[in-house]
Amino acid sequence: MKRLFTFLGMMVLSIMVMAQAPEKFSYQAVVRDASGNLVCNGQVGVRVSILKNSANGVSVYCETHQLTTNANGLLTMEIGGGNVVGGVFSTIDWGNGPYFVKTETDVTGGSNYTLTGTQQLLSVPYALYAKYAENGGSGSDTTGMGSVLARLAQLEQYVLYPLVNTLNVGSVYSQSAVVTGEVLSHGASQVTVCGFCWSTSQNPTINSNHSTETGGLGNFTATITGLTPNTTYYVRAYATNSQGTAYGNELSFTTANPAVDGQPCPGAATVTDIDNNTYNTVKIGNQCWMKENLRTTRNANGTSIALGSSTSTTTAYRYYPYNNSSNVSTYGYLYNWKAVMGSSSSSSANPSGVQGICPTGWHVPSDAEWTQLTNYVGSQTHYQCDNSSDNIAKALASTTGWDSSTNTCAVGNNPISNNATGFSALPAGSYYGDYGSFGNIAALWSATEYDGYLAYGRGLSYSNAYVGRNYYDKYPGFSVRCVRD
């Protein structure tokens, strides 16, 4: 998905009065490695091809260069002035395009080239076109001047366009991906709009699906959604100023194939508790989970669970999330461990065998069952953030309700990209004698105690990328998810 490094090109065109028309033009590029860092004062091998009619067209000219980037990662070369591999630069009919510049590079300075980008020449160098027109190039204008003036108008637009780069595609899930780009230059006027365009076909434009961000220099990020699972997409950044729209290099990615994950459990798309509350289910790996927090007011044996106003380790209590009854329909109740377990004892088995507060055919997950879930999600690369098996909280967290965070891969950082698994963990907070952390954390009980006073649970936080495993006092109110027998 990532290139060896990014090669972002911009023609630097100068119109000069000369005794003879030049037979080459300058081309500058910013070179970055696979991590997005500038390649400064580095040796780079470059192969440049001029293609006719399309980005996959026939090469009419090819040359190579051995170059060194400057202290700012900028590389400058003269197309038409390299080591010729094929074709004759001076005989290119610039009036009979369109033409594309294809760049291939070797960051080690050798000739093991990797394709880094193909860009259309939106206009041709004026002096080159003028020279060809004077020599009787294609077109009915035998003096060449009408065509030259038209090309000069195009050239004026091209030089004034913004310069934009597509940096990276990350957090690729079955229906969404996060894309990062960079506006390097405004051009002649302020960039007003930037974003990304994407398609299942190459070279997408703003006529394809696209995002819209506020213009400005520097990096920008967007989450593209509504994608089809197990499908290859092409994406590139764009930037628009008063002169028009410019596009960055193209990257490709393939969305995850959810196969079974994220779908309702086979034969149990929903489950109903003793209060006739119905819950959606989700299959993740070999487990079938409730997709919603439990909201029953009774234990499975019919015993009522009192609405609490204090904490206890011996009396079963339930609590409104954030002390607001209207939150129950979305966030479920918070329960102390006594309410969760009923009369059952602790279990570390997998499955736990503890029905407790759960509907018939379902049970309270043990610590081992929670570990099975997190280990499975961490083993699937399409659920990982930044390719880390620890960074899976976003894949389990819901897309709504979370407080905002700027931490990389945190649940509250661009939450629309959350919930690749469909587990939909909600930040219902907790109750420790007062109501706190609503919107901040999802705290979930297990059926496994640490000792007589503490029991294991799992926690997701708006500001973290990982799923926490810890043991807690048995008296606070946490959320509950049940897993199918």
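Conventions adopted
Within any chain, residue numbers begin from 1 and follow the written order of that chain's sequence. In keeping with the predicted nature of the model, local features appear solely for residues at pLDDT of at least 70, side-chain atom pairs appear and are counted solely at 80 or more, and the whole-chain, interface and lining totals rest on all residues. With hydrogens and water stripped out, all remaining heavy atoms of the structure feed into the side-chain values. A pair of cysteine sulfur atoms is labelled a disulfide when the two atoms are within 2.5 Å. Note on conventions: DSSP H or I runs of at least 4 residues are helices, E runs of at least 2 residues are strands, and numbering of each starts at the N terminus. Think of it in three bands: with a 1.4 Å probe and only protein chains considered, a residue is buried below 20% of the maximum accessible area for its type, exposed above 50%, and partly exposed in between. Here, a salt bridge means any side-chain nitrogen of Lys or Arg that lies within 4 Å of a carboxyl oxygen of Asp or Glu. Here the aromatic set is Phe, Tyr and Trp, taking the six-membered ring for Trp, and pairing holds for ring centres within 6.5 Å; pairs whose planes are under 30 degrees apart are stacked, those over 60 apart are edge-to-face, and all others are tilted. The criterion for a charge sitting over a ring is simple: Lys NZ or Arg CZ within 6 Å of the ring centre, and within 35 degrees of the ring normal. Strand pairing is assigned whenever DSSP detects at least two bridges linking the two strands.

**Quick word on the state of the cysteines**
Thinking step 1. Tallying each qualifying case throughout the model produces 3 disulfides.
Thinking step 2. Disulfide partner of C385: C409, at an S-S distance of 2.0 Å. Judged by the sign of its S-S torsion, about -80°, the bond between C385 and C409 is left-handed. Note that C385 is positioned in the loop between α5 (367-379) and α6 (393-396) and C409 in the loop between α6 and β24 (430-431), a separation of 24 residues in sequence.
Thinking step 3. Accessibility expressed as a relative area gives 6% for C409, which makes it buried.
Thinking step 4. With cysteine numbering restricted to those in disulfides and following the sequence, the chain has the pairing 1-2, 3-6, 4-5.

**Observations concerning the pattern of salt bridges**
Thinking step 1. Taken as a whole and assessed by the stated rule, the structure comprises 6 salt bridges.
Thinking step 2. Where R298 meets D275, a salt bridge forms, and the shortest distance between an N and an O atom there is 2.9 Å. Pair noted here: R298 is in the loop between β19 (287-290) and β20 (306-307) and D275 is in the loop between β17 (270-272) and β18 (278-284), with a separation of 23 residues, a long-range link.
Thinking step 3. Given the relative accessible area of 23%, D275 is considered partly exposed.

**What about the packing of aromatic side chains?**
Thinking step 1. Scanning the entire structure with this criterion turns up 20 aromatic pairs.
Thinking step 2. With 6.0 Å between their ring centres and 90° between their planes, Y432 and Y475 make a pair best called edge-to-face. Here Y475 lies in the loop between β28 (468-473) and β29 (483-484) and Y432 lies in the loop between β24 and β25 (435-436), a separation of 43 residues in the sequence.
Thinking step 3. Y475 sits in the partly exposed class, given a relative accessible area of 26%.
Thinking step 4. Over the ring of Y333 we find R318; its NZ or CZ atom is 4.9 Å from the centre of that ring.

**Some remarks on the pairing of β28**
Thinking step 1. Summarising the sheet, strand β27 (residues 454-461) and β28 pair through 6 bridges and their orientation is antiparallel. By the bridge assignment, R458 is partnered in β28 with R469.
Thinking step 2. In this antiparallel pair of consecutive strands, β27 and β28, the connection spans 6 residues.

**Observations regarding the sheet that holds β20**
Thinking step 1. Sheet architecture is open: 3 strands sit in the order β20-β21-β22, paired in mixed fashion. Each having just a single partner strand, β20 and β22 (334-335) make up the two edges of the open sheet.
Thinking step 2. Direction of pairing for strand β21 (residues 317-319) relative to β22: antiparallel, over a ladder of 2 bridges. Within β22, the residue paired with Y319 across the bridge is L334.

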